[in-house]
Amino acid sequence: MRSVNVGRKFLADYQSIILKDLLAEIKELAAPLEGRRVLHVNATSFGGGVAEILYTLLPLMNDVGLQAEWQVMTAEREFFDVTKSFHNGLQGAPVELTDEVRSVYEDINRRNAAQLTSDYDFVVIHDPQPCAMRTFVADGGREASWIWRCHIDTSTPDQALYDYLLPFIRRYDRAIYTVAGYAPDGLGVPLEVVPPAIDPLAPKNMTLVPDDAHYIVRQFGIDVDRPLLLQVSRFDPWKDPLGVVDAYRAVKQRWPGVQLALIGSMASDDPEGWDYLEKLTAYVGGDPDVFVLSNLDNIGSVEVNAFQSHAAVVMQKSTREGFGLTVSEGLWKARPVVAGDVGGIPLQIEDGVTGFLVDSSAACAQRCLEILDRPEWAHAMARKGKEHVREHFLTPRLLRDYLRIFNGLLAGRA
Ligand code: UDP
């Protein structure tokens, strides 16, 4: 296991951004938890939504008086091949669950669990990669309350995989899912429903004036005088970047000047990403108005922010999605958003009111055209979307929900 340094953040800085009552509620919930030790464990400190959330949630947990730590599993590539197949399997793809697959999964979980020697009050395990650690942890860890935080839509999983994971999941004291329907029947663990959130003060989301956003996106070859369509996502088939290219091509027939940027980070726990990036590059086929960029091109949080702040349309054309932080990120920047009508996306977008929900490339292209044709109307919609994000999907609300759960677990122990 490897510790991640999460830096410092101060809840007081959010005062002017969030609803007033929330701050008071957080202080009240934090008081009985003063000094309690919390450990979060996941599989990567870079790339993807979970890392994004932990970098912003943990410093705020510390600021309100808890002692929160984050540790990342250490493992070889074959483990991440296995767990990526588990991720896909929990989303419904078939999984080959051989003895070798099981032994890779269990051995790495056992090895990482053996390194958990401190005492914690709460251990939050994120997603399937470290799920079995609770089963293998030495006696010391048994003092803690264990929470399995599943960020994936597991409503129609590969059944054999789910049956295999269920005994590991059942060892937990609580399960947290983004949407109630994501947890299949018979989970056997008390369920909490908590959607994730974005940090409005992180470099990814802080306000950038248009000149600064222009300055940054121009460096990547974008013509700021022509409209830009954008999708920011891991290079993953469920995010449907090929469908985004199809939508862009349809838009280009009527708006020849339109450009497309596909920005994807290469997460260390996502070995499929490299192959998919090659496939995507071949599909784009050298179109000079399509920009496929990643952290390997020096795209970091501020650059993602600049692209999102500048884009004429932010797309998230997923065909399966746990939550889709990029949707809230786009709305928070008051950009018109067109996104797949799947998973946690409808929590964020009310179709035709705060953005658009689509279920095909053709529908996606159609909505993009409407936005390009009527920018004022589309921006009024996006501003409503921003207020919806303010109310429901900013990190202090997520902090409040965790504090509530921790208090509930303490009360249950008394
Ligand atoms: N992200 C990024 N750079 C990229 C691609 C993604 O910073 O090149 C971030 C994105 O801004 C968002 C997170 O990674 O904060 C992706 O979270 P989401 O919930 O959309 O998808 P996940 O990867 O968890 O399935």
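Placed above this text is the structure.
Now for a description of the structure that goes with this document. Not measured: the values here are computed from a predicted model.

Brief notes about the packing of aromatic side chains
Tallying each qualifying case throughout the model produces 16 aromatic pairs. For the ring pair Phe86 and Tyr105, a centre distance of 5.0 Å and an interplane angle of 55° mean the geometry is tilted. With Phe86 in helix 3 (residues 77-90) and Tyr105 in helix 4 (residues 99-114), the pair connects residues that are 19 residues apart, well separated along the chain. An angle of 15° between the planes, with centres 4.3 Å apart, marks the rings of Phe122 and Phe406 as stacked. Within this pair, whereas Phe122 is found in strand 4 (residues 122-126), its partner Phe406 is found in helix 15 (residues 395-413), the two being separated by 284 residues in sequence. Phe406 shares its class with Phe122; the two are buried. Of the aromatic side chains, those joined through ring pairs into one cluster are Phe79, Phe80, Phe86, Tyr105, Phe136, Tyr164 and Phe168. The ring of Tyr283 has Arg249 lying over it, and the distance from NZ or CZ to the ring centre is 5.1 Å. The aromatic ring of Trp377 is capped on one face by Arg374, whose charged end is 4.1 Å from the ring centroid.

With respect to the site of the ligand
Taken together, 17 residues lie around the ligand, and Gly49, Arg234, Lys239, Ser265 and Glu329 are the ones closest in. At a separation of 2.8 Å, an oxygen atom of the ligand approaches a polar backbone atom of Gly49. At a separation of 2.8 Å, an oxygen atom of the ligand approaches a polar side-chain atom of Arg234. Protein contacts shield 89% of the accessible area of the ligand, which totals 540 Å² for the unbound molecule.

Regarding the sheet that holds strand 2 (residues 37-42)
If you walk across this open sheet you meet the seven strands as 1-3-2-4-5-6-7, and the pairing is mixed. Of all strands in the sheet, those with a lone pairing partner are strand 1 (2-3) and strand 7 (191-193), marking the two edges. Pairing geometry for strand 5 (residues 145-150) and strand 6 (residues 174-177), over four bridges, is parallel. In the strand pairing of strand 6, Ile147 is matched with Arg174. Strands in contact with helix 2 (residues 49-63) are strand 2, strand 3 (67-72) and strand 4; relative to strand 3, the strand with the most contacts, it is inclined by about 155°.

Scoring rules and cut-offs
Residues numbered from 1 in each chain as written. Predicted model: local features only at pLDDT ≥ 70, side-chain atom pairs only at ≥ 80, totals over all residues. Heavy atoms only, no water. Phe/Tyr/Trp six-rings, centres within 6.5 Å; stacked < 30°, edge-to-face > 60°. Helix = DSSP H or I, 4+ residues; strand = E, 2+ residues; numbered from the N terminus. Buried < 20%, exposed > 50% of the residue type's maximum accessible area, 1.4 Å probe, protein only. Lys NZ or Arg CZ within 6 Å of the ring centre and 35° of its normal. Near = heavy atom within 4 Å. Polar contact = N/O pair within 3.5 Å; in protein donor to acceptor, adjacent residues only side chain to side chain. Areas by Shrake-Rupley, 256 points an atom, 1.4 Å probe, with all protein chains shown as cover. Pairing = 2+ DSSP bridges. Contact = heavy atoms within 4.5 Å. Axes fitted to C-alpha atoms, helices over the stretch in contact; angles between N-to-C directions.

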